[in-house]
Amino acid sequence: MTEAAAPRVQLLGISKSFPGVRALENVDFALNAGEVHALLGENGAGKSTLIKIMTGAVRRDSGKMLLDGEPVELGSPAEARALGISTVYQEVNLIPTLSVTKNLTLERQPRRFGLISWRQANQRARERLKRLNLDIDVERPLASYSVAIQQLVAIARALEEDTRALVLDEPTASLDAREVELLFGILRDLKARGIAIVFITHFIDQVYEISDRISVLRNGRLVGTAPTAELPRLKLISLMLGRELERTEAARASGATVAPGEPILAVEGFGRRRYMGKFDLRLRAGEAVGLAGLLGSGRTETCKLVFGAVRADSGQIRFNGKPIAIRSPRQAVRLDIGFCPEDRKAEGIIPELTIRENIVLALQVKRGWLARLPHDEQERVAQAMIKTLGIATPDADKPVGQLSGGNQQKVILARWLASKSRILILDEPTRGIDVGAHAEIVALIRRLCAEGLALLVASSELDEIVAVSDRVEVLRDRRKVGEIAGGDVTRENIIHMIAGG
Amino acid sequence: MDRADNPQAIAVGRWSLGEITGRSWFWPVTALALIFLVDAVVSPGFFSIRIVQGRLFGSLIDVLYRGTPTALVALGMAVVIGAKGIDLSVGAVVAIVGAVMTNLIHRDMSPPLILALTLGTGVLCGMWNGFLVAILDIQPIIATLILMVAGRGVALLIDEGLIVTFRSDFFSAISTGEFLTVPSRILVCAGAFLALWVVLRRTALGLFIESVGANSAAADLAGINARLVKIAAYTLSGLCSGLAGVLICGDIRGSDSNNAGLFIELDAILAVVIGGGSLAGGRFFLGLTIVGVLVIQGLTTSILVSGLPAQYNMIVKGAVVLIVLLLQSRRLRQSVVGVFLRRSS
């Protein structure tokens, strides 16, 4: 390999762990000069960790990083920037109330006699914007411009004269089609100047429009890199959604026949403007319904609407045939519905409370605050759940924050089982759980279903969906696009429907 | 963060040192014991309790007697802090309640009715705070700052800008009288403690408050009405401050809107923190909060009986509080223990 052909940025064998989570495992990634390289993966796949390592915000545990063939050690984003690697993060990290000039010269204001020279600063800001062919009034506050312009200002801020690599984390998330075109025009221009661009997005269409190559991460591993032209949509989606549970998949086929009874919960035309398109959903006792779709397709949104965590503005719900309203989680809980949220730490566990208190919480809510469950009874319920679900803990009085991810998930499941829920909504039940506990949770879900619970399971792992579901609702772009049932529930069918085939 | 990952567990009998010192009660109780120990050495008569004119008398009783209003306020504060809030308005509530009480006494109403209306005023103040925090979603420190500032103004309006005095046998008896030789305010406080404990720990309200304090989003998804729970916490605090106000005004037999309960919120917050409460919310300890109050009041009394000039009071108090708080930090303890272990090995 000649010197000129060395990739602009090369990451070799990168691994990174955070407490309790293996974020990246032996990842290789090469970014060439003058290419737009799309980095794809579901939530928690390791995209952000990878770019943070590349831009000096996070230190790797092991592996090497080469910049134009030279090994580099990055201690901070400032060091990365000095070497010509810049980032524009997803949340525009500019200050909307300040002027464009102030935003662009925040770290280094030109000074005259020790005072800031605003004339010179404005000049400098205009020069920066000119690199993006942008001509706007730099003295107006940033907030007075559209999100797209703000995004471009953020890019202008990141771009130096000597920028060699630019990382864009979901730059198009809040842009409309015209604005995306504007941005892409600029990206093509930057590319032509030899700048290497990493483009993170979950809009598959945009990937095919702008990128030259694609890398896919899943569960902290690189599962594939290919030129965009050689990676058809179907192949890409199946790479993103993974294939890890083939054994469970086989096990499923044997017990797949469910006698469909009357639905406990029937949802019609449910939705919320700017949040989730209208959908229908039926949940029956002893039946597990999967929610499949890519990141941002509306899986979590569907769960939250049904549970009342987000209020629907259209449609109706029938519970055992009777029309009702679910306007809050409180009402849902009273109807024996339970919800295990995707973000366990933020929305699931109550870390300071003990395992016992976490488990009895929903049961206590149903009894009301006056009818406190006596301590002995709490202990009995908790111990029974610890035993049934195999929660690994010496006693029930340990703060739940000290348990591993898998055991925390079981505690939340226990919370709903202890309160005799008849409908369980599970959003990403195996997210962030190690492989052993993963299979265990999947088996547990099957068992609960066999015991007569009605389940709604949202997952980014396609194989998990196939393994647990009797019926699958397929979502795309915050709309339900179809339903697959019984023997037709296969990876291939789901992928076809997601891809729109 | 994790008790189990404490690498230096020194075994003492069947309990490890780490296990004992890691208990929430250990440091506050030790601090209180040490203060009393110093007192016993410095002033031999510290623990002697006599009956003078049909009333218990002694330094220990004095600590309890003087600590009572702060204890009441601190109990309410502990609940609010457990719900991840803070109540800066407690001193102002004391002033408002005092002004209302004085005003009603001058209207010749029956004392029990006055007591009920007065405590009701405290409850209303608490509900106002709860409304600002839970419904309008204002940050607790700002929300309660509003009443802290405006409250004394309200009290002054009621008092028409004067210090109004009164004579009331009923309220004097509650505040400065005695019952079966025990100062009655100590009994009032004990009763309030018991009532709070029953309301919080014999019902599920305490669990709900702690859930909301530790993780409001998760509590909400578990079906808890987080708003109502927060309002309940502030209301309890208002009620406690109201009762403290009754004692304080009964003591001075008047309403002094500018000074009644001034800075009491600071002692109350300190007491909660010494008692192991975290401003990050999620746990409250009623008993240990009382221990925290006794540490603060014990210090003040100790400095007085030790003959140290009174101007040292604040400095010594600050130093002791700092030491107790540092000792409670598990991380600091571990690194200190770590240094010793490394030396010995």
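Along each chain, numbering runs from 1 in the same order as the chain's sequence is written. Chain letters and ligand numbers both follow the written order, the letters beginning at A and the numbers at 1. Under the rules for a predicted model, residues below a pLDDT of 70 receive no local features and side-chain atom pairs below 80 are neither given nor counted, while totals for whole chains, interfaces and linings still include all residues.

1. Notes on the overall build of chain B
(1) Moving on: Within chain B one finds 15 helices and eight strands.
(2) Moving on: We compute the radius of gyration over the C-alpha atoms and compare it with the globule rule, which gives 2.2 Å times the number of residues raised to the power 0.38. The C-alpha radius of gyration of chain B comes to 21 Å, within 12% of the 20 Å expected for a compact globule of 345 residues.
(3) Moving on: C-alpha atoms of chain B, sized along the principal axes, occupy 75 × 55 × 35 Å.
(4) Moving on: Exposure classes come from backbone-placed C-beta atoms, where a residue is buried if 20 or more other C-beta atoms lie within 10 Å of its own, exposed if 12 or fewer do, and partly exposed in between. The buried share among the 345 residues of chain B stands at 47%.
(5) Moving on: Any residue pair is listed as a contact if its two C-beta atoms, each placed from the backbone, are within 7 Å. Within chain B, counting contacts between residues at least 6 apart in sequence, those at least 24 apart form 76% of the total. Secondary structure is summarised from DSSP: a helix means a run of H or I of at least four residues, a strand means a run of E of at least two, and numbering begins at the N terminus for each.

2. Looking at the packing of helix α3 (residues 59-82) of chain B against helix α11 (residues 226-252) of chain B
Residue and element names in this part refer to chain B.
(1) Moving on: For every element, the axis is a line fit to its C-alpha atoms; helices are fit only across the contacting stretch, and the angle between N-to-C directions ranges from 0 to 180 degrees. Axis separation between α3 and α11 bottoms out at 8 Å; the angle between their running directions is 175°. One finds that α3 runs roughly antiparallel with respect to α11. Within the contact between the two elements, α3 uses T68, P69, L72, V73, L75, G76, M77, V79 and V80 and α11 uses A233, Y234, L236, S237, L239, C240, S241, L243, A244, L247 and I248. Any angle that is under 35 degrees is reported as roughly parallel, and any over 145 degrees as roughly antiparallel; angles of 65 to 115 degrees are reported as roughly perpendicular and all others as oblique.

3. Here's the deal with the pairing of strand β4 (residues 62-67) of chain A
All names here are of chain A.
(1) Moving on: For two strands to be treated as a pair, DSSP must find at least two bridges joining them. Pairing analysis gives five bridges linking strand β1 (residues 9-18) to β4, with the strands arranged antiparallel. Bridging across to β4, V9 finds its partner in L67.
(2) Moving on: Of the pairings in the sheet, the one linking β4 to strand β5 (residues 70-71) comprises two bridges and is antiparallel in character. Residue pairing in the sheet places L66 in a bridge with P71 of β5.
(3) Moving on: If you look at the hairpin formed by β4 and β5, you'll find two residues sitting between the two strands, and D68 has a positive phi there, around 50°.

4. Concerning helix α7 (residues 169-176) of chain B
Residues and elements named next belong to chain B.
(1) Moving on: Among all positions of α7, only F171, I174 and S175 are buried. The buried side chains of α7 occupy one side of the element, clustering within an arc of 90° when seen end-on.
(2) Moving on: Here the buried face of α7 lies against α5 (111-135), α8 (184-201) and α11. Of all possible arcs, the one meant is that of the directions from the helix axis to the C-beta atoms.

5. A look at the sheet that holds strand β21 (residues 471-476) of chain A
All names here are of chain A.
(1) Moving on: Pairing within the open sheet is mixed, and its six strands lie in the order β18-β19-β20-β15-β21-β22. What marks the edges here is a single partner per strand, and that holds for β18 (337-340) and β22 (479-485). Ignoring strand direction, the axes of neighbouring strands in this sheet form an average angle of 15°.
(2) Moving on: Sheet topology note: the strand β19 (residues 423-427)/strand β20 (residues 454-458) ladder contains five bridges and is parallel. Counterpart to I423 in the pairing with β20 is A454.

6. Regarding unusual backbone geometry
All names here are of chain A.
(1) Moving on: A positive phi angle, near 50°, is found at N26, a position not held by glycine.
(2) Moving on: As for its position among the elements, N26 is in strand β2 (residues 21-31).
(3) Moving on: Notably, R274 is not glycine yet its phi reads approximately 60°, a positive angle.
(4) Moving on: Of note, R274 is situated in the loop between β13 (265-272) and β14 (276-283).
(5) Moving on: On the neighbour-count criterion, R274 (6 C-beta atoms within 10 Å) is exposed.

7. Digging into the domain arrangement of chain A
Residue and element names in this part refer to chain A.
(1) Moving on: What counts as a domain boundary in this text is fixed by an automatic or database domain assignment. Segmentation of chain A into domains returns domain 1 (3-231), domain 2 (246-336 + 422-499) and domain 3 (350-419).
(2) Moving on: The gap between the C-alpha centroids of domain 2 and domain 3 is 25 Å.
(3) Moving on: Facing the 10 residues of domain 2 at the interface are eight residues of domain 3.
(4) Moving on: Listing elements by their share of the side of domain 2 that touches domain 3, those giving two or more residues are α11 (329-334) and α16 (435-450).
(5) Moving on: At three residues, the largest contribution of residues to the side of domain 2 that touches domain 3 is made by α16.
(6) Moving on: Residue type decides the class: Asp, Glu, Lys and Arg count as charged, Ala, Val, Leu, Ile, Met, Phe, Trp, Tyr, Cys and Pro as nonpolar, and the leftover types, Gly among them, as polar. Grouping the constituent residues of the side of domain 2 that touches domain 3 by class yields seven nonpolar, one polar and two charged.

8. A look at the packing of α3 of chain B against α8 of chain B
Residues and elements named next belong to chain B.
(1) Moving on: Here α3 crosses α8 at 15°, and the two axes come no closer than 9 Å. As summarised for this structure, α3 and α8 are arranged roughly parallel, according to the angle between their axes. Crossing handedness for the pair α3 and α8: left-handed. Here L64, Y65, T68, A71, L72, L75 and V79 of α3 come into contact with α8, specifically with R185, I186, C189, A192, F193, L196 and L200.
(2) Moving on: In terms of residue class, the contact of α3 with α8 is made up of 12 nonpolar, one polar and one charged. What makes a crossing left-handed is the near helix being turned counterclockwise from the far one by less than a right angle; a clockwise turn instead makes it right-handed.

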